[in-house]
Structure formats: structure tokens, C-alpha cells
Amino acid sequence: MSPQAASPRALLHLLFNGARALDVVQTAHQLGLLEALERGPVTLGALCEKQGFVPGRLYKFLDCLESLGLVQREQTTDALVEARYTAAPGLSAAAEAVVGPRSLERDREKYDWRALHGHLPEVLRGERSMPRESFDWPPSTPEQVAGFEASMAAGLGPILEVFRTHGAKLWRPGQRLLEVGGGDGTLAARLVEEHPGLTVDVYNLPSTEGLVARTRQKHALGDRLGFVGGDFLREPLPGGYDALSFVRVLHDWPAETARQLMTAAYAALPSGGRILVCEEFRTQERLAAQFFWTYFLMGVDSCVSRLREVEFYLQAFKDLGFQRAEVLPGPFEIITATKP
């Protein structure tokens, strides 16, 4: 199923009706309709019989889903009950991820985006910014640090999936990984749990040490999950590791800073050491997934948060002297390369 892209006018109609469109999608997900449609094709009559729906009303409901490009209809007669529907592959899982009760979008609602809403002309002219008490970059208060790291941990699902998929290629028994900018240690903890021969140290600002200690205790990992405090903008990266990872870190900084961090990784790694970069690379789908932060960070000049094409990182690896660069596919790709 490959629905046509919406025209500019059609897209704007849908955006204006965004709250109503979301109501339709959430209802379809809650009722199990998306799963039934994904297993389709299924007739409108069969859906009505199973759920007790009124055919004419369900027809209009499914028109709403079709207008969003989520459902495709095939109707060979004028009889409503004989219309056959098929959902886009993966629709049910996508709905759970985006509109489900534990979705990232719901988590993001805790941020003060309303400080900008309705004031974008002033924001674009630099006359209005996000209040520092609402969001500061880098986070400056203990509350901001804890809130930001918790939000990052909430979005680890796709990242864990790609690390899990390629784990056999990435890790060997006895290896040590330094996760640069590793938040509260949630990703590190999961990697340690899934790969018994791996030890991970989180390298982050000293203010996050308590968060990592809490994660270590929660997962009962002992010294297999460590912490190294420091500031990667001002200090060399620690040595003695077989691999260094940057997971959703480099896009938050200007290109020059991102290259400096990759240069620091090259200096810290031994011969045969590996760098891993896991980012949301710039594609149409990733831009859509990042819409909230793109909107929110218009009012925060200190945070770049720039999605870059994968070629930026591949070229940087080549320029620095890394070899055997490879892009490992997944919901978040991992780019990996080795120091000769």
C-alpha cells in the first residue's frame, strides 16, 4: 500500500483538523480497528458485525482514516458493507508509539511549549525566548537535569532495538564501552543486561552521577555499570575503552563541535577501538518525529539540535582516519568505524 502524498491544500485541511484527526486515530487504536485493518483486507460489513457499528457511520469514520493516508479502500459496488479496507503496514504499532498512553509525544507535553504558542513572530525576530526556568541548555538545575534525562530515557525503545539487532557484531566478551553523554544510564544498563560480557561506563556531567547510581541500584548491576564525571566540551575523553558511543548527542551541537567530539574519540581510542554514532539522521520521517523539539527549541538559541544527513558523519570518520565505516540499519541507524 503506497498512498499518494497529500497536496499542500489537503495537508493544510488535515492540520487544521488535527485534534479531530487525533481523536479518530486514538479511537481506532483503542477499539482494535487498526489491528483488524492491518490484517485485512476486511469488509466494512465484517467490522460492523463484530463491533456492532452502524454501517453509514463507520463508513465516514474510515473515510477520516483514509484521508490521513492510513487506510486504503476498495469498493466495487455502491453497497457500503461490501467496501474492503486495508491499513498501512505497521499502523497499529505506530499508533501505540505515537498516541498510546506511554508515547513520547505524551511525555513531551510536560515541557512548556505553550510559552511560544501564538508568539512565533516574536520568537523568530528574537524578541521572545523560552524562559530559562522552563528549559535551559545544557540543563542547569537538578530538576532540569533529572527531567531531561528521564525524557531521553523514555525514547530509548528504537535505540535498544537497533543495538539488540546488531549486538553480536558490536560486542565481544570482556569489552569496555564508554557511553559519552549517557544520560541516567538507562541505555547502558540495558546493554549490560543483554550482553553479560560487556562493561559500560557513562561519561556525563557530574550532576548526573546520582541518576546513574539510581539506575545501577535499580538494575542490580554492581561495577558493570560505572560512571565517569566530566565535561566533554572542556576535557579530553577518558581512555582505556574498546569502544566509545555517542547516542543522540552530536546533533545537539554545531558541526564544528560535533567534529571536535569525534576527534576526541579518535584520540581516546586504542588501535582497533571502535566509535559508534547513533542518531536520528535527516529524513522526512525523522523530521516529522522531531517536530515537537524543532518547534520547542526555536526559543532556545544555545541548543542547535540539527538533524544531519548520514554522509556528514561518514565524511568526518574518513577525514579523521577511521576505517571500515559501516551503517547498521534499524529504527535509529548506528554508524560504526574502527581506529587503525
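Not measured: the values here are computed from a predicted model.

The next subject is the UniProt feature "domain: O-methyltransferase C-terminal" (unreviewed entry) in the protein chain. On the UniProt side, "domain: O-methyltransferase C-terminal" (unreviewed entry) is annotated at positions that read residues 175–286 here. The annotated region residues 175–286 carries 33% helix and 23% strand content, and the separation between its end C-alpha atoms amounts to 32 Å.

Our focus in this paragraph is the nonpolar core. Judged by nonpolar contacts, the single largest core of 43 residues is most densely connected at Phe135, Leu237, Leu244, Phe246, Leu250, Ile275 and Phe296. If you list the elements that add at least two residues to this core, you get strand E4 (176–180), strand E7 (243–247), helix H14 (255–268), strand E8 (274–278), helix H16 (291–296), helix H17 (310–320) and strand E10 (334–338). Ranked by the residues each element gives to this core, the list is headed by H14, at six residues. Ignoring any residue separated from it by four or fewer positions in sequence, one finds Ile275 in contact with Leu244, Phe246, Met262, Ala265, Leu269, Phe317, Phe322, Ile335, Thr336 and Ala337. One finds Leu160, Leu191, Val200 and Val247 within the second-largest nonpolar core, a separate group that totals 27 residues.

Counting through the fold element by element, Ser92 comes out in helix H6 (residues 91–99). What makes Ser92 buried here is its relative accessible area of 10%. For Ser92, the contacting residues outside a window of four places in its chain are His29, Leu34, Glu35 and Glu38.

Attention now goes to the packing of helix H10 (residues 157–165) against helix H12 (residues 186–194). Contact geometry of H10 with H12 gives a least axis separation of 11 Å together with a crossing angle of 30 degrees. Classified by the angle between their axes, H10 and H12 sit roughly parallel to one another. At the point where H10 passes H12, the crossing takes the right-handed sense. Along the contact surface, H10 presents Ile159, Leu160, Phe163 and Arg164, while H12 presents Leu187, Arg190, Leu191 and Glu194. Its residues assigned to classes, the contact of H10 with H12 shows five nonpolar, no polar and three charged.

Here the focus is the sheet that holds strand E2 (residues 71–74). Taken together, three strands build an open sheet; the order of strands is E1-E3-E2 and the sheet is antiparallel. The open sheet has two edge strands, strand E1 (42–43) and E2, and neither has a second partner. Of the strand pairs in this sheet, E1 and strand E3 (residues 84–87) are connected by two bridges, and their pairing is antiparallel. Following the sheet pairing, Val42 is matched in E3 by Tyr85.

So, on to the side chain of Gln290. In this structure, Gln290 sits in the loop between helix H15 (284–289) and H16. Among all residues touching Gln290, those that are not within four sequence positions of it are Arg108, His251, Glu280, Ser305 and Leu307.

So, on to the pattern of salt bridges. As a working rule, side chains carrying opposite charge can pair if their charged atoms are close by. Evaluated as defined, the whole model comprises eleven salt bridges. Among the salt bridges present, the one from Arg164 reaches Glu194, with a minimum N-O distance of 2.8 Å. Of the two residues, Arg164 is situated in helix H10 and Glu194 in helix H12; the sequence distance between them amounts to 30 residues. Residue Arg286 pairs with Glu333 through a salt bridge whose shortest N-O separation is 3.1 Å. Of the two residues, Arg286 sits in helix H15 while Glu333 sits in the loop between strand E9 (323–328) and E10, which places them 47 residues apart along the sequence.

For the protein chain, the assigned domains are domain 1 (8–99) and domain 2 (136–339). Here the C-alpha centroids of domain 1 and domain 2 sit 38 Å apart.

The next point concerns the pairing of E8. In terms of burial, E8 is largely enclosed, as four of its five residues are buried. As judged from the five bridges shared by E7 and E8, these two strands associate in the parallel manner. Of the residues in E8, the one forming a bridge with Ser245 is Leu276. As for the winding sense of the linkage, the β-α-β connection from E7 through H14 to E8 is right-handed. Pairing of E8 with E10, which is carried by five bridges, proceeds in the antiparallel orientation. Residue Arg274 lies in a different strand from E10, and its bridge partner there is Thr338.

Take the packing of aromatic side chains next. The final tally for this structure, using the stated rule, is 15 aromatic pairs. When the centroid spacing of 5.2 Å and the interplanar angle of 85 degrees are considered together, the rings of Phe135 and Phe296 count as edge-to-face. Taken as a pair, Phe135 in the loop between helix H8 (120–124) and helix H9 (142–154) and Phe296 in helix H16 lie far apart in primary sequence, 161 residues in all. In terms of burial, Phe135 and Phe296 fall into one category: buried. The residue whose ring lies beneath Arg176 is Tyr241, and the NZ or CZ to ring-centre distance is 4.5 Å. For Arg308, the ring lying beneath its charged end belongs to Phe312, and the centroid distance is 4.9 Å.

What follows is about H14. Helix length check: H14, at 14 residues, gives a terminal C-alpha distance of 20 Å against a target of 20 Å (1.5 Å per residue), a fit within 8%. Listed as buried for H14 are Ala255, Thr257, Ala258, Leu261, Met262, Ala265 and Ala268. Those residues of H14 that are buried are in contact with E7, E8 and H17.

Within H10, the full set of buried residues consists of Ile159, Leu160, Val162 and Phe163. All buried residues of H10 fall inside an arc of 165 degrees around its axis, so they share one side. On the buried face of H10, the contacting elements are helix H11 (167–170), H12, E7, E8, E9 and E10.

Quick notes on the rules
- Position labels on residues start from 1 in each chain and follow its written sequence.
- Confidence filtering applies because this is a predicted model: local features only for residues at pLDDT of at least 70, side-chain atom pairs given and counted only at 80 or more, and all residues used for totals across whole chains, interfaces and linings.
- For side-chain calculations, the full set of non-hydrogen atoms in the structure is used, while hydrogens and water are omitted.
- UniProt positions are given in the numbering used here, feature names are shortened, and annotations may be inferred rather than shown by experiment.
- Under the DSSP-based scheme used, a helix requires at least four consecutive residues in state H or I and a strand at least two consecutive residues in state E, with every element numbered from the N terminus.
- Nonpolar core, defined: a set of buried Ala, Val, Leu, Ile, Met, Phe, Trp, Tyr and Cys residues in which side-chain atoms within 4.5 Å join the residues together.
- When a residue's accessible area, from a 1.4 Å probe over protein chains only, is under 20% of the maximum for its type it is buried; when over 50% it is exposed; and in between it is partly exposed.
- The contact criterion used is simple: two residues touch if any of their non-hydrogen atoms lie within 4.5 Å.
- In this description, a line fitted to the C-alpha atoms serves as the axis of each element, helices being fitted only across the stretch in contact, and the angle between N-to-C directions of two axes falls anywhere from 0 to 180 degrees.
- If an angle is under 35 degrees, it is roughly parallel; if it is over 145, roughly antiparallel; if it lies from 65 to 115, roughly perpendicular; otherwise it is oblique.
- Rotating anticlockwise by less than a right angle from the far helix to the near helix defines a left-handed crossing, while the corresponding clockwise rotation defines a right-handed one.
- Any residue that is not Ala, Val, Leu, Ile, Met, Phe, Trp, Tyr, Cys, Pro, Asp, Glu, Lys or Arg is counted as polar, Gly included; the first ten are nonpolar and the last four charged.
- Should DSSP find at least two bridges between two strands, the strands are taken to pair.
- We define a salt bridge as a side-chain nitrogen of Lys or Arg found within 4 Å of a carboxyl oxygen belonging to Asp or Glu.
- Either an automatic procedure or a domain database provided the assignment from which the domain bounds are taken.
- Here a crossover is taken to be right-handed if, once the strands point away from the viewer, the path from the first strand over the helix to the second is traced clockwise.
- For this analysis, a ring pair means two rings from Phe, Tyr or Trp (six-membered ring only for Trp) whose centres lie within 6.5 Å, classed as stacked if their planes differ by under 30 degrees, edge-to-face if by over 60, and tilted for the remaining angles.
- Ring-over charges, as used throughout, are those where CZ of Arg or NZ of Lys falls within 6 Å of the ring centre and within 35 degrees of the ring normal.
- One fewer than the residue count of a helix, multiplied by 1.5 Å, yields its expected span.
- Each C-beta atom gives one direction from the helix axis, and the arc is the one those directions make.

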